[in-house]
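Letter by letter, the chains look like this.
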Amino acid sequence: MTGLSKEIYEGEHIEGFRDELQAARSSSRDDFFGFFNNSESVDDAFEEGVWDFTTHIAEPLSSFSSTPQDLRALEIGYGGGRLLSAATRHFGHVQGVDIHPHKDLVAAELMERGYDGFALHQSEGDTLPLANESVDVVYSFIVLQHVQYLRVFERYLEESARVLRKGGRFIFAVPHPSL
């Protein structure tokens, strides 16, 4: 582990998330993929992911580029891949990073559904496993409000700035506190 102290990652928040997700994976495929947005099924999760990507990520980025297929993107907190799947239909290549260890399960589901042009990574949140200035867009949807420590949130911002190409964009969508 680099950068941040190990104590940050031994707190109940991160371990609690991993425990809940492991229980969902052990329960059923629908429970695992529905875990990330409380969907009833895998199909529902992916359908809702298209809507969320379109309204919260693609729409705000529409004035940035008329040729998104020429862009490389990074999703922080890809979860079960529900937004990332939609992103692969727009961007030339999409990378996803998450703290959970289930990237093989998510990759298999995405490939089974016919999505390609993506790579998934696991990270502890103190670094993004990408080269400097390697992506045009960094986005995260309803993930960063779950970060327990301000320093971890700051590191996500620092790392996002590091991996973004000059002139790139980032969108961090978090819910309004009253919702």
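Two aromatic rings are characterised by how far apart their centres lie and by the angle between their planes. Under the counting rule described, the total for this entry stands at 8 aromatic pairs. Residues Phe 33 and Phe 46 carry aromatic rings whose centres are separated by 6.1 Å and whose planes lie at 45 degrees to one another, so their mutual orientation is tilted. Remark: Phe 46 occurs in helix α4 (residues 42-61) and Phe 33 occurs in helix α3 (residues 29-34); sequence separation between them is 13 residues. Like Phe 46, Phe 33 is buried. Seen in terms of ring centroids, Phe 53 and Phe 91 are 6.1 Å apart; in terms of plane orientation they differ by 90 degrees. Their pairing is edge-to-face. Taken together, the residues span a long stretch of sequence, with Phe 53 in helix α4 and Phe 91 in the loop between α5 (82-88) and β2 (93-98) at a distance of 38 residues. When sorted by exposure, Phe 53 lands in the same class as Phe 91, which is buried. An aromatic cluster is defined as three or more aromatic residues linked by ring pairs; in this entry it consists of Phe 32, Phe 33, Phe 35, Phe 36, Phe 46 and Tyr 115. Directly above the ring of Phe 46 sits Arg 113, whose terminal nitrogen or CZ lies 4.5 Å from the centroid.

Further remarks concern the side chain of Asp 52. By the element assignment, Asp 52 lies in helix α4. Residue classification places Asp 52 among the buried positions, given a relative accessible area of 13%.

This part takes up the nonpolar core. Formed by 29 residues in total, the largest nonpolar core has its most connected members in Phe 53, Leu 84, Phe 91, Leu 110, Leu 120 and Tyr 139. Ranked by residues supplied to this core, first place goes to α4 with 5 residues. Grouped together as the second largest cluster of nonpolar side chains are 13 residues, Val 97, Leu 130, Val 138 and Tyr 156 included.

What follows is about α4. Look at α4: 27 Å from first C-alpha to last across 20 residues, which is about the 28 Å you get at 1.5 Å a residue. Considering bend angle alone, the principal kink of α4 is centred on Thr 54 and spans about 40 degrees. Within α4, burial applies to Val 42, Ala 45, Phe 46, Gly 49, Asp 52, Phe 53, Ile 57 and Leu 61. Considering only its buried residues, α4 is in contact with α3, α5, α6 (103-112), β4 (135-141) and β5 (164-173).

Quick look at the sheet that holds β4 now. An order of β3-β2-β1-β4-β5 is seen for the 5 strands of this open sheet, with the pairing classed as parallel. For this open sheet the edge positions go to β3 (118-122) and β5, each flanked by a neighbour on one side alone. Sheet twist, expressed as the average angle between the axes of neighbouring strands with direction ignored, equals 20 degrees. Sheet topology places β4 next to β5; 6 bridges connect them, and they run parallel. Directly across from Ser 140, in β5, lies its bridge partner Phe 172.

Given 3.6 residues per helical turn, the α-helix brings residues three or four places apart onto the same face. In this model helix α7 (residues 150-163) runs 20 Å from its N-terminal to its C-terminal C-alpha over 14 residues, within 8% of the 20 Å that 1.5 Å per residue would give. Within α7 the residues assigned to the buried category are Val 152, Arg 155, Tyr 156, Glu 159, Ser 160 and Val 163. Down the axis of α7, the sector holding all buried residues measures 135 degrees, keeping them to one side.

Basis of the calculations
Residues numbered from 1 in each chain as written. Predicted model: local features only at pLDDT ≥ 70, side-chain atom pairs only at ≥ 80, totals over all residues. Heavy atoms only, no water. Phe/Tyr/Trp six-rings, centres within 6.5 Å; stacked < 30°, edge-to-face > 60°. Helix = DSSP H or I, 4+ residues; strand = E, 2+ residues; numbered from the N terminus. Buried < 20%, exposed > 50% of the residue type's maximum accessible area, 1.4 Å probe, protein only. Lys NZ or Arg CZ within 6 Å of the ring centre and 35° of its normal. Core = buried A, V, L, I, M, F, W, Y, C linked by side-chain atoms within 4.5 Å. Expected span 1.5 Å × (residues − 1). Bend = angle between axes of the 7 residues up to and from the residue. Contact = heavy atoms within 4.5 Å. Pairing = 2+ DSSP bridges. Axes fitted to C-alpha atoms, helices over the stretch in contact; angles between N-to-C directions. Arc of directions from axis to C-beta.

Honestly, that's just the spatial picture; any functional story needs more than this.
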